[in-house]
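# Observations on chain architecture
Below, each chain spelled out in residue letters.
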Amino acid sequence: MENTDMRTAEEKAIDDWLPITSVRNAKWYYSAFHNVTAMVGAGVLSLPYAMSQLGWGPGVAILVLSWIITLYTLWQMVEMNEIIPGKRLDRYHELGQAAFGEKLGLRIVVPLQVVVEVSTCIVYMVTGGKSLMKFQELAFPNSHPIGTTWSILIFGSSHFCLSFLPNFNSISGVSLAAAIMSFCYSFIAWTASAHKGPIHLVDYALRGKTTSDNVLNFFSAMGNVAFAFAGHNVVLEIQATIPSTPESPSKKPMWRGVVVAYVIVALCYFPVAFVGYYVFGNTVDDNILITLQKPNWLIAMANLFVVIHVIGGYQIYAIPLFDMTETYLVKEKKFKPSKGLRLLVRFIFVALTIVIAMAIPFFGALLGFFGGLVLAPTTYFLPCFIWLWLVKPQKFGLSWWINWTLIVLRVLLMTLATIGGGYSIVTSYKTYRFFS
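Residues numbered from 1 in each chain as written. Predicted model: local features only at pLDDT ≥ 70, side-chain atom pairs only at ≥ 80, totals over all residues. Heavy atoms only, no water.

Note the threshold: UniProt positions are given in the numbering used here, feature names are shortened, and annotations may be inferred rather than shown by experiment.
The protein carries the name Lysine histidine transporter 1 in an unreviewed UniProt entry, which gives Heracleum sosnowskyi as its organism. A UniProt comment under Sequence similarities (unreviewed entry) is attached to the protein, and it reads "Belongs to the amino acid/polyamine transporter 2 family. Amino acid/auxin permease (AAAP) (TC 2.A.18.2) subfamily."

Pasting the structure below:
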């Protein structure tokens, strides 16, 4: 716990400089809106599209089960934050190290978490750019269109400033605004769809032209759903900002915030997914707001809300990556903690994500591929592995069976969703002109 500090003065100075451990005065509601910002984002807009690849029965079942399963695995991670007496596991890879050892834990968790955070930031660049382009198209119909590449570049430029904010607490205002925006545009998406009503001759058949297309689309859609529940990758880093004592451990306010966040997630996800699919069927786009055209002012506003939200979402996922990079440079490579080092690291990262997003802006395909490849492990079954290793539930008991069942099912999900997402990227790339 925090009242047993075994660090040297140098270690304490470094921890006070690093983004994750520099401030520990957050309240439970910080957990709530940070988790909403981390989770409700690019994924919610693609859920009607995922439903069109899954169909009604499998779609409803997969979405509801994902909500339940990810809430369970998120609870496991919150509980394990202080499972070792006298120590807080403030980062996902520290939890992995506690379970699998110093070196193996890093090798298992860090590559997955890095790819999660980088890929999410890239997808948010694509989402922000496309939503900005859609806002301009609707709000200023007579203006010259700016195009996908320029839209992403304009959106990404904001992060050259915001990324220099040092830690989670310094972006709390941005995160709160982002959380509010996520609820607002989700509300607009499903209410505007409901007001429009089902389109003429709405078709709920799977959108693929052949059986093989439908199978691969089904796999990709499972990855889209996995991407929608991505908050686990930053949950320990969010919990690290909450104070903790033996009498009042951080897991209590953190869990309170998580429950509030998941209620908001349900209010956003289920109406958007089900109403959007009910209205548009298999003609829905991979971003529901692109499908919606009228009323112009309302859909333009919703797209602007998306832009504001993914600005905050990008920062939520970027800060843990900044922390890992700055920790490595300062602790391993012995660079001196400085503003110059911080500016250089963050400038390079923002620039790289902008360039990659401009090169491959395949929104739906990216969600499916990254959702299967890295978000399924870190969200669905890696917490179960760590729980079995650290908590050691009774063999063949309820907890033991639940965790092993989830591991087996979600390893299968990871494999199939990655195949489907890769297929979607290949088919999307055939019709796309590089840096258009």
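### Observations regarding the overall build of the protein
This is how it is decided: Counting from the N terminus, the helices are DSSP H or I runs at least four residues long and the strands are E runs at least two residues long. Type-normalised accessible area, obtained with a 1.4 Å probe on protein chains alone, sets the label of each residue: buried when under 20%, exposed when over 50%, and partly exposed for intermediate values. We call two residues contacting when some pair of their heavy atoms lies within 4.5 Å. For the accessible areas, the method is Shrake-Rupley and the probe is 1.4 Å, while residue cover comes only from the protein chains on display.
Along its length, the protein carries 17 helices and zero strands. Overall size of the protein, expressed as C-alpha extent along the three principal axes, is 65 × 55 × 35 Å. Across the 436 residues in the protein, those meeting the buried criterion constitute 56%. For the protein, the proportion of contacts with a sequence separation of at least 24, taken over those separated by at least 6, is 85%. Only carbon and sulfur atoms are counted for the fraction: they give 70% of the accessible area of the protein, which is about 17800 Å².

### What to know about the nonpolar core
Heads up, the condition is: The nonpolar core is taken to be a set of buried Ala, Val, Leu, Ile, Met, Phe, Trp, Tyr and Cys residues, with the residues joined through side-chain atoms within 4.5 Å.
Grouped together as the largest cluster of nonpolar side chains are 118 residues, with contacts concentrated most on Val 225, Phe 229, Tyr 269 and Ile 288. Looking at which element gives the most residues to this core, the answer is helix α14 (residues 296–332), with 17 residues. Excluding its chain neighbours within four sequence positions, the residues that come into contact with Tyr 269 are Met 39, Val 40, Val 44, Leu 47, Ala 228 and Phe 229.

### Considering the environment of Arg 410
Topologically, Arg 410 is positioned in helix α17 (residues 398–430). Taking the C-alpha atoms as reference points, Arg 410 and Pro 377, 33 residues apart in sequence, are found 7.4 Å from one another. Those residues in contact with Arg 410 that sit more than four places away from it in its chain are Ser 66, Ile 69, Tyr 380 and Phe 381.

### Describing the pattern of salt bridges
In plain terms, the rule: Salt bridges are counted wherever a side-chain nitrogen of Lys or Arg sits within 4 Å of a carboxyl oxygen of Asp or Glu.
Summed over the entire model, instances satisfying the criterion amount to nine salt bridges. Here Glu 94 makes a salt bridge to Arg 91, at a shortest N to O gap of 2.8 Å. Note that Glu 326 and Arg 346 form a salt bridge whose closest N and O atoms lie 3.0 Å from each other. In this pair, Glu 326 is assigned in helix α14 and Arg 346 in helix α15 (residues 339–359), connecting sequence segments 20 residues apart. When sorted by exposure, Glu 326 lands in the same class as Arg 346, which is buried. One connected set of salt bridges, linked through shared partners, spans Arg 24, Arg 88 and Asp 90.

### Quick word on the environment of Asp 323
For Asp 323, the position within the fold is in helix α14. Overall, the relative accessible area of 1% leaves Asp 323 in the buried class. Counting along the chain gives 232 residues from Asp 323 to Arg 91, while the straight-line C-alpha distance between them is 9.5 Å. Look past the residues within four positions of Asp 323 in its chain and what remains in contact with it is Leu 18, Pro 19, Ile 20 and Arg 91.

### With respect to helix α12 (residues 251–280)
Convention followed: Given the number of residues in a helix, its expected span is that number minus one, multiplied by 1.5 Å.
The end-to-end C-alpha distance of α12, which contains 30 residues, comes to 42 Å, matching closely the 44 Å that a straight helix rising 1.5 Å per residue would cover. Residue Gly 281 follows α12 closely and has a positive phi angle near 60°.

### Observations concerning the packing of aromatic side chains
Here the distance between the centres and the angle between the planes together describe a pair of aromatic rings. What counts is decided by this rule: Between rings of Phe, Tyr and Trp, where Trp is taken as its six-membered ring, a pair exists when centres lie within 6.5 Å; planes separated by under 30 degrees are stacked, by over 60 edge-to-face, and by other angles tilted. By definition, being over a ring means that NZ of Lys or CZ of Arg is both within 6 Å of the ring centre and within 35 degrees of the ring normal.
All told, the structure shown has 24 aromatic pairs when counted by the stated rule. Centroid distance Tyr 204 to Tyr 277: 5.4 Å. Interplanar angle 70°. Geometry classified as edge-to-face. Taken as a pair, Tyr 204 in the loop between α9 (172–196) and α10 (211–228) and Tyr 277 in helix α12 lie far apart in primary sequence, 73 residues in all. Note on Tyr 204: relative accessible area 27%, which makes it partly exposed. According to the relative accessible area criterion, Tyr 277 is buried, its value standing at 0%. Members of the aromatic cluster, joined through ring pairs, are Phe 381, Phe 385, Phe 396, Trp 400, Trp 401 and Trp 404. The positively charged end of Arg 342 is found above the aromatic ring belonging to Trp 17, 4.2 Å away from the centroid.

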